[in-house]
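Summary of structural features
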Amino acid sequence: MTNLKPTPVVVHLDDQANVTLAQGNVHNLLTELPGSRVVVVVNGPAVRSFLTPSWRAFLTALPEVEVDACANALRANGILAEQLPAGVTVVPAGVARIVELEQQGFAYLKP
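Residues numbered from 1 in each chain as written. Predicted model: local features only at pLDDT ≥ 70, side-chain atom pairs only at ≥ 80, totals over all residues. Heavy atoms only, no water.

Attention now goes to the sheet that holds strand β5 (residues 107–109). Pairing in this open sheet of five strands is parallel, and the strands run β4-β3-β2-β1-β5 from one edge to the other. Across the chains shown, the open sheet's two edge strands, defined by having one partner strand only, are β4 (88–91) and β5. The mean inter-strand angle of the sheet, taken between neighbouring strand axes irrespective of direction, is 25°. Of the pairings in the sheet, the one linking strand β1 (residues 9–13) to strand β2 (residues 38–42) comprises five bridges and is parallel in character. Bridge pairing in β2 places Val9 opposite Val38. Helix α2 (residues 54–61) rests against β1, β2, β3 (66–70) and β4 of the sheet, and its axis sits at about 145° to β3. Its contacts with the sheet place helix α4 (residues 94–103) against β1, β2, β3, β4 and β5, and it is angled at close to 155° to β2. (Pairing = 2+ DSSP bridges. Helix = DSSP H or I, 4+ residues; strand = E, 2+ residues; numbered from the N terminus. Axes fitted to C-alpha atoms, helices over the stretch in contact; angles between N-to-C directions. Contact = heavy atoms within 4.5 Å.)

Right under this line is the structure:
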């Protein structure tokens, strides 16, 4: 690999079918660029994936990764914050969080 340096990356996940792919992308990114700050922003129908066991395992394996859930998507899908795995942060709007992170210099990745 080239001489890439750790970098901040926001991973946008809005499709439940891409959860495993996104989680794999994050793992691979941190393997190649250890020390990178990674924020996964989950919105749209993908918030339903928080009700599956895959997030608990992911958050346990990579506690340094910030995982944000869109409050609007949670509400639209009838999911309460109390149903989320420990370690998931609820943000008011996923799209606004992504814009905020990009303005802070985060690279955007959408699996």
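A word on the pattern of salt bridges. The full count for this structure, using the stated rule, is five salt bridges. The closest approach of N and O atoms between Arg37 and Glu66, which form a salt bridge, is 3.1 Å. Separated by 29 residues along the polypeptide, Arg37 in the loop between α1 (19–32) and β2 and Glu66 in strand β3 bring together distant segments of the chain. One network of salt bridges, in which partners are shared, links Arg37, Glu66, Asp68, Arg97 and Glu100. (Salt bridge = Lys/Arg side-chain N within 4 Å of Asp/Glu carboxyl O.)

Ranked by internal contacts, the top residues of the largest apolar core, which has 28 residues, are Val26, Val40, Val42, Phe50, Trp55, Val65 and Val67. At the level of secondary structure, the elements contributing two or more residues to this core comprise β1, α1, β2, α2, β3 and α3 (71–76). In terms of residue count, α1 provides more of this core than any other element does, five residues in total. In this structure, Val65 is in contact with Val26, Leu30, Val38, Val40, Phe58 and Leu59, ignoring residues within four places of it in sequence. In terms of nonpolar packing, the next biggest core, distinct from the first, is built from six residues, Val10, Val39, Leu101 and Phe106 among them. (Core = buried A, V, L, I, M, F, W, Y, C linked by side-chain atoms within 4.5 Å. Buried < 20%, exposed > 50% of the residue type's maximum accessible area, 1.4 Å probe, protein only.)

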